[in-house]
Amino acid sequence: MTSPSVEFIGMIGTQDASETRPAAGPLVDAAYTTRFARAHEDAGFDRILIGYSSSRPDGLQVAAHVAARTERLGLLVAHRPGFIAPTLAARSFATLDQFTEGRVAVHTITGGNDAEQRRDGDYLDKEERYDRTDEYLGILRRAWSSTDAFSHEGRHYRFDDYATGVLPFRDTGIPLYFGGSSDAAYRVGAKHADTFALWGEPLAETAEQIASVRAAAEAAGRSELPGISVSFRPILAPTEELAWERAHHILDTIKSGSGRPFFDQARHHTGTTPQNTGSRRLLAAAAKADLHDRALWTPTAAATGAGGNTTALVGTPETVAQALLDYVDIGVTTILIRGFDPLDDAVDYGRHLLPLVRQELAHRASAPLAPTGSTR
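Described in the following lines is the structure provided in the data block. (Residues numbered from 1 in each chain as written. Predicted model: local features only at pLDDT ≥ 70, side-chain atom pairs only at ≥ 80, totals over all residues. Heavy atoms only, no water.)

**Some words on the overall build of the chain**
So, step 1. When helices and strands are counted, the chain shows twelve helices and 15 strands.
So, step 2. Its C-alpha atoms give the chain a radius of gyration of 20 Å, within 12% of the compact-globule value 21 Å for 376 residues.
So, step 3. For the chain, the spread of C-alpha atoms along the three principal axes comes to 65 × 60 × 40 Å.
So, step 4. Across the 376 residues in the chain, those meeting the buried criterion constitute 54%.
So, step 5. Here the contacts in the chain between residues at least 6 apart in sequence split such that 74% fall between residues at least 24 apart. (Helix = DSSP H or I, 4+ residues; strand = E, 2+ residues; numbered from the N terminus. Rg over C-alpha atoms; globule rule 2.2 N^0.38 Å. Buried < 20%, exposed > 50% of the residue type's maximum accessible area, 1.4 Å probe, protein only. Contact = heavy atoms within 4.5 Å.)

**Regarding helix α9 (residues 277–288)**
So, step 1. Taking 1.5 Å of rise per residue, the twelve residues of α9 would be expected to cover 16 Å, and the 17 Å separating its terminal C-alpha atoms lies within 8% of that figure.
So, step 2. Looking only at α9, the buried set comprises Thr277, Gly278, Ser279, Leu282, Ala285 and Ala286.
So, step 3. Check the buried side of α9 and you find it contacts α5 (126–145), β10 (195–199), β12 (291–292) and α10 (299–304). (Expected span 1.5 Å × (residues − 1).)

**A look at the environment of Val77**
So, step 1. Tracing the sequence through the fold places Val77 in strand β5 (residues 74–79).
So, step 2. Taking relative accessible area as the criterion, Val77 reaches 1% and is therefore assigned buried.
So, step 3. Those residues in contact with Val77 that lie beyond four places of it in its chain are Ile50, Gly59, Leu60, Ala63, Phe93, Ala105, Val106 and His107.

**What about the side chain of Thr20?**
So, step 1. Tracing the sequence through the fold places Thr20 in the loop between β2 (16–18) and β3 (21–24).
So, step 2. One polar contact links the side chain of Thr20 to the main-chain carbonyl oxygen of Phe340, over a distance of 3.0 Å.
So, step 3. With sequence-adjacent residues up to four places away left out, Thr20 is seen in contact with Ile250, Thr253, Ile254, Gly259 and Phe340. (Polar contact = N/O pair within 3.5 Å; in protein donor to acceptor, adjacent residues only side chain to side chain.)

**Looking at the packing of helix α11 (residues 317–329) against helix α12 (residues 342–366)**
Packed helices, taken two at a time, are described by their axes: the angle between them and the distance between them.
So, step 1. Running from N to C, α11 and α12 cross one another at 50 degrees; their axes reach a closest spacing of 9 Å. Between α11 and α12, the angle falls in the class oblique. Seen from above, α11 lies across α12 with right-handed handedness. Here α11 contributes Pro317, Glu318, Val320, Ala321, Leu324, Leu325, Val328 and Asp329 to the contact with α12, which in turn contributes His352, Leu353, Leu356, Val357, Glu360, Leu361 and Arg364.
So, step 2. Residue composition of the contact of α11 with α12, by class: ten nonpolar, one polar and four charged. (Axes fitted to C-alpha atoms, helices over the stretch in contact; angles between N-to-C directions. Parallel < 35°, antiparallel > 145°, perpendicular 65-115°, else oblique. Left-handed = near helix turned anticlockwise from the far one by under 90°. Nonpolar A, V, L, I, M, F, W, Y, C, P; charged D, E, K, R; others polar.)

**Section: the nonpolar core**
So, step 1. One finds Phe8, Trp144, Leu324 and Ile337 to be the most contacted residues of the largest nonpolar core, which totals 75 residues.
So, step 2. For Ile337, the contacting residues outside a window of four places in its chain are Phe8, Ile9, Gly10, Met11, Phe45, Phe232, Pro234, Tyr349, Leu353 and Leu354.
So, step 3. Of all hydrophobic cores here, the second largest spans eleven residues; its members include Ile235, Ala237, Ala243 and Phe340. (Core = buried A, V, L, I, M, F, W, Y, C linked by side-chain atoms within 4.5 Å.)

**Regarding the pattern of salt bridges**
So, step 1. Evaluation of the coordinates by the stated rule reveals 20 salt bridges.
So, step 2. When the shortest N-O distance is used, the salt bridge between Glu7 and Arg47 registers 2.9 Å. Linking Glu7 in strand β1 (residues 7–12) with Arg47 in strand β4 (residues 47–50), this pair joins segments that are 40 residues apart in sequence. For the pair Glu7 and Arg47, a shared accessibility class is recorded, and that class is buried.
So, step 3. A salt bridge links Arg21 to Asp341; its shortest N-O distance comes to 2.9 Å. A residue pair is termed long-range when its members are at least 10 positions apart, and Arg21 in strand β3 and Asp341 in the loop between β15 (334–337) and α12 qualify at 320 residues.
So, step 4. Judged by its relative accessible area of 26%, Arg21 is partly exposed.
So, step 5. On the accessibility criterion, Asp341 (23% relative accessible area) is partly exposed. (Salt bridge = Lys/Arg side-chain N within 4 Å of Asp/Glu carboxyl O.)

**Focus: the pairing of β10**
So, step 1. In terms of burial, β10 is a largely internal element, four of the five residues being buried.
So, step 2. Where strand β9 (residues 176–179) and β10 come together, three bridges link them in parallel fashion. When the sheet's bridge partners are listed, Phe178 is paired in β10 with Phe196.
So, step 3. Chirality of the crossover, the property in question, places the unit of β9, helix α6 (residues 183–192) and β10 among those that are right-handed.
So, step 4. As a crossover connection, the stretch from β10 through helix α7 (residues 203–219) into strand β11 (residues 227–236) is right-handed. (Pairing = 2+ DSSP bridges. Right-handed = clockwise from strand over helix to strand, strands pointing away.)

**Overview of the packing of aromatic side chains**
So, step 1. Counting across every chain of the model gives ten aromatic pairs.
So, step 2. Members of the aromatic cluster, each reached through a chain of ring pairs, are Tyr130, Phe178, Tyr186 and Phe196.
So, step 3. One residue, Arg233, lies across the ring of Phe340, its end atom 4.1 Å from the ring centre. (Phe/Tyr/Trp six-rings, centres within 6.5 Å; stacked < 30°, edge-to-face > 60°. Lys NZ or Arg CZ within 6 Å of the ring centre and 35° of its normal.)

None of this, on its own, says anything about what the molecule does.
Here you go:
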């Protein structure tokens, strides 16, 4: 049986900071951003995610900075529909895609926190936001593929005779990723996305989510189902004992409150249940057990209020590689990993983790098929 290839995505920020590291340097540190991106390119990552928050630098401008200082690294730019018109967004992303010769992808974040949305002036409730996202992504797709003028009149957007010469670099358009774990997210994301992104839950719960996404895609009439991304925070060391020692040190540091996470809105709601379904699911997994499956460790999610992708995979590179392959075996096609020591961990992943996963997948792909009726 031919094994699929896997896309690896990292994540960068414009400042040296994490849940275990206090912020160092300016919020927009051009030199650090360049080093961070190049570390991912040198490590062999396929793409880097440039995240979104109401208090962070603009992702498209960060992507343009990174694109000018790297050679092949893909750019996955997080984007919240609703703050700029979809026609303008289509041109902005297509322009950068042309300059980078097809390195751009868009990660759609509808938004699961009302307070965070209101900081940028969005007062729609969650269901209305997803309805708007559905309309928005339909317009994006058409704007990226239409060479003729078209008009649109919907619930959230209206325009006449939109026409542009700014199309994506490739005829296939710009890849759309989509994050979410609610029923509304399944419905909208499975309709539009090339890749549907989940946070790192236990295998059984992840398999359930994959089934929900696929069912929603089929209900939307799709014949080609979206790929699935899962994200983790690997904690590596040369031995299992050292890996667990490092994991507990990271947990103690998180609990001390000395660091600054990228997705820090959960910190402002300590002791309350998060609004977004993804965070609630991670906290539910943490409440069940600290350790799941081969290496999934949840106390880091509990300690941060699950403000973002915060579950860890702990062990030697060999153990963590096998844990990632367990997810591939249930249908995962993209793996997003970022460390608690962000830049140094990206380097280590490239040296010790990514090659092991890719070697095993290559081995599986080259293995001869077992004869019909044989057992293995």
